[in-house]
Amino acid sequence: MLQNARVLRPEFVPRELQHRDTEHTALTESLEPLTRDEQADPVIITGPTGVGKTTLAKYTLERLQEAAFGIEGAVVNCWQNYSSYRALFRILEALGRTLDVHRQSTPQDELIERLRDYDGTCVLVLDEADQLEEKNILYDLRRMPQFTLVLIANREEDLFAGTDQRLQSRLHGTRSIHFEPYGMEELVAILRTRANAAFSHPDVVDDTRLQEMADAAAGDARVAITILREAAKTADRAGRDQITDEDVTAAIPQGHQEVRDQNLESLKPTQRTLYAVIQEYVSEHGESILPSELYAEYRDRAENPVGDRQVRRHLNKLERYELIAIRGSSRDRQYGLPES
């Protein structure tokens, strides 16, 4: 039944991008000066999870590299590489410049100097850039004309939270591109294209079942594609050449849980501690936890606790990835788990 399982991975970058023409045009126009050996301004891409922000950035970078010689690219996930050192190392690694860099002993200043000495042209995509613990490296990178920054975050205010005026002025004039969730028909079209590329014949899954998957994903392409993959795996293990209603019904919670597990694995230490406190409290008491209790328990557990303002930012991030639920207004707020 399967002829190319790779296209059923959410991180797969298709040859043709669907339903993001406006956003693709905006990013292409922003980066176009690089094809004339001119500098390009930074770009900020925002939107909820699963709307194609990272895929579009990678896709546009690939097309740019096909259109012009000498343009390099580096894509760094700042949720996984949230420290300045790790982010800088990943950039150098993408550029093939980590020779003689010892991650335990090479100072961060040397990494920055190596980037300053880079004499090429590079589009630097920082995915989940709001997760950087020390955003001052954005200031350093912005001052290097050989790098064009493409910063991806859920919200622009999260990206600039906790930054000083110096960085904000450096990013003044930055073009912002916002993504809205996919509509039902758009998600179905994306799933149909993936299915046609993945399966040996078009009858493996019909549009009615694709619509059910898209509806369950609620605008999130990552979840929708994961549901399709789980349904295909179930059918394939059973030796069937078609996806059934039962396969889809089983795949919907499996797909949501897999995406959730991937998000949990990506959590930073502070986020992981906050999530554990909330999860354990709900499990024990059967209700949400009050902010005062949450903050106190977090401070008891954390080796180096951050301030309340940063705690709130982390909690908001957990909510945007549907790992926790924030209920009530600011005066009676409580933190719990999403409903199944």
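Residues numbered from 1 in each chain as written. Predicted model: local features only at pLDDT ≥ 70, side-chain atom pairs only at ≥ 80, totals over all residues. Heavy atoms only, no water.

**Student:** I'm lost on the overall build of the protein in this one. Help?
**Tutor:** In terms of helices and strands, the protein carries 14 helices and seven strands. The C-alpha atoms of the protein give 22 Å as radius of gyration, which agrees with the globular expectation for 340 residues (20 Å, within 12%). For the protein, the spread of C-alpha atoms along the three principal axes comes to 55 × 55 × 35 Å. Taking all 340 residues of the protein together, 50% fall into the buried category. A fraction of 69% describes how many contacts in the protein between residues 6 or more apart in sequence connect residues 24 or more apart. Carbon and sulfur atoms make up 43% of the accessible area of the protein, which amounts to about 16800 Å² in all. For the protein, the centre of its 42 positive side-chain charges and the centre of its 59 negative side-chain charges are spaced 4 Å apart. (Helix = DSSP H or I, 4+ residues; strand = E, 2+ residues; numbered from the N terminus. Rg over C-alpha atoms; globule rule 2.2 N^0.38 Å. Buried < 20%, exposed > 50% of the residue type's maximum accessible area, 1.4 Å probe, protein only. Contact = heavy atoms within 4.5 Å. Areas by Shrake-Rupley, 256 points an atom, 1.4 Å probe, with all protein chains shown as cover. Lys, Arg positive; Asp, Glu negative; His and termini not counted. Charge placed at Lys NZ, Arg CZ, Asp CG, Glu CD.)

**Student:** Which parts of the structure should I look at to understand the environment of Ala216?
**Tutor:** Tracing the chain through its elements places Ala216 in helix α9 (residues 207–217). Ala216 sits 199 residues away from Leu17 along the chain, and the two C-alpha atoms are 22 Å apart.

**Student:** Would you take a moment to explain the sheet that holds strand β4 (residues 147–153) for this structure?
**Tutor:** Paired through backbone hydrogen bonds, the strands of a sheet run either parallel or antiparallel to each other. Taken in spatial order, the five strands line up as β2-β3-β4-β1-β5 in an open sheet, and their pairing is parallel. Looking at strand neighbours, the two that pair on one side only are β2 (71–77) and β5 (175–178), the edges of this open sheet. Adjacent strand axes in the sheet meet at a mean angle of 15°, parallel and antiparallel pairs treated alike. Sheet topology places strand β1 (residues 43–46) next to β4; four bridges connect them, and they run parallel. (Pairing = 2+ DSSP bridges. Axes fitted to C-alpha atoms, helices over the stretch in contact; angles between N-to-C directions.)

**Student:** Can you help me understand the layout of surface pockets in this one?
**Tutor:** For the largest pocket, the calculated volume is near 1100 Å³. Taken together, 41 residues form the lining of the largest pocket, with Pro10, Glu11, Thr54, Thr55 and Arg222 sitting closest to its centre. Secondary-structure elements contributing two or more residues to the lining of the largest pocket are α2 (53–67), β2, β4, α8 (184–198), α10 (221–237) and α11 (245–265). Residue composition of the lining of the largest pocket, by class: 17 nonpolar, 13 polar and 11 charged. Lining the second largest pocket we find 25 residues, and of these Val223, His256, Arg260, Tyr321 and Glu322 sit closest to its centre. Listing elements by their share of the lining of the second largest pocket, those giving two or more residues are α9, α10 and α11. Looking at the lining of the second largest pocket element by element, the count peaks at seven residues for α11. (1 Å grid on protein atoms, 1.4 Å probe; cavity = no way out; pocket = protein on both sides within 12 Å on 5 of 7 lines; lining within 4 Å. Points joined across faces, edges and corners; volume = space filled by probe spheres on them. Nonpolar A, V, L, I, M, F, W, Y, C, P; charged D, E, K, R; others polar.)

**Student:** Teacher, can you tell me more about empty space enclosed by the protein here?
**Tutor:** Summary: where empty space remains is shown by rolling a probe the size of a single water molecule over the atoms. Applying the stated criterion across every chain, the model contains one cavity of 30 Å³ or more. In terms of lining, the largest cavity is formed by Gln39, Ala40, Arg142, Met144, Pro145, Phe147 and Thr148. Along the lines of polarity and charge, the residues of the lining of the largest cavity split into four nonpolar, two polar and one charged.

**Student:** I would appreciate a short explanation of the pattern of salt bridges in the present structure.
**Tutor:** Once their charged atoms are close, side chains differing in charge can pair, the charge on each being opposite to the other. Taken as a whole, this structure holds 25 salt bridges when the rule is applied. Of the charged contacts, one joins Arg15 and Glu66 as a salt bridge, the two residues approaching to 2.8 Å between their closest N and O atoms. Here Glu66 lies in helix α2 and Arg15 lies in the segment before α1 (21–31), a separation of 51 residues in the sequence. One salt bridge in this structure joins Glu66 and Arg63, with 3.0 Å as the shortest N-O distance. Residue Glu66 and its partner Arg63 are located together in helix α2, separated by three residues, close to a single helical turn. Residues joined in a network through salt bridges with shared partners are Arg15, Glu62, Arg63 and Glu66. (Salt bridge = Lys/Arg side-chain N within 4 Å of Asp/Glu carboxyl O.)

**Student:** Please clarify how the state of the cysteines should be interpreted in this entry.
**Tutor:** Each disulfide consists of one covalent bond between the sulfur atoms belonging to two cysteines. Counted by the stated rule, this structure contains zero disulfides. We note that Cys78 lacks a disulfide partner, and the nearest cysteine sulfur, in Cys122, lies 13 Å from it. According to the relative accessible area criterion, Cys122 is buried, its value standing at 0%. (Disulfide = S-S within 2.5 Å.)

**Student:** Would you mind going over the packing of α1 against α2 with me for this structure?
**Tutor:** Packed helix pairs are characterised by how far apart their axes lie and by the angle those axes make with each other. Two elements in contact, α1 and α2, have axes whose closest approach is 10 Å; the angle formed by their N-to-C orientations is 50°. Here α2 runs oblique to α1, going by the angle between their axes. Relative to α2, the crossing made by α1 is right-handed. Listed contacts from α2 to Glu23, His24, Leu27, Thr28 and Leu31 of α1 are Leu56, Ala57, Tyr59, Thr60 and Leu64. Along the lines of polarity and charge, the residues of the contact of α1 with α2 split into six nonpolar, three polar and one charged. (Parallel < 35°, antiparallel > 145°, perpendicular 65-115°, else oblique. Left-handed = near helix turned anticlockwise from the far one by under 90°.)

**Student:** Please clarify how the side chain of Arg20 should be interpreted in this entry.
**Tutor:** Among the secondary structure elements, Arg20 is positioned in the segment before α1. If sequence neighbours within four positions are ignored, Arg20 has contacts with Val51, Leu56, Phe179, Glu180, Pro181 and Tyr182.

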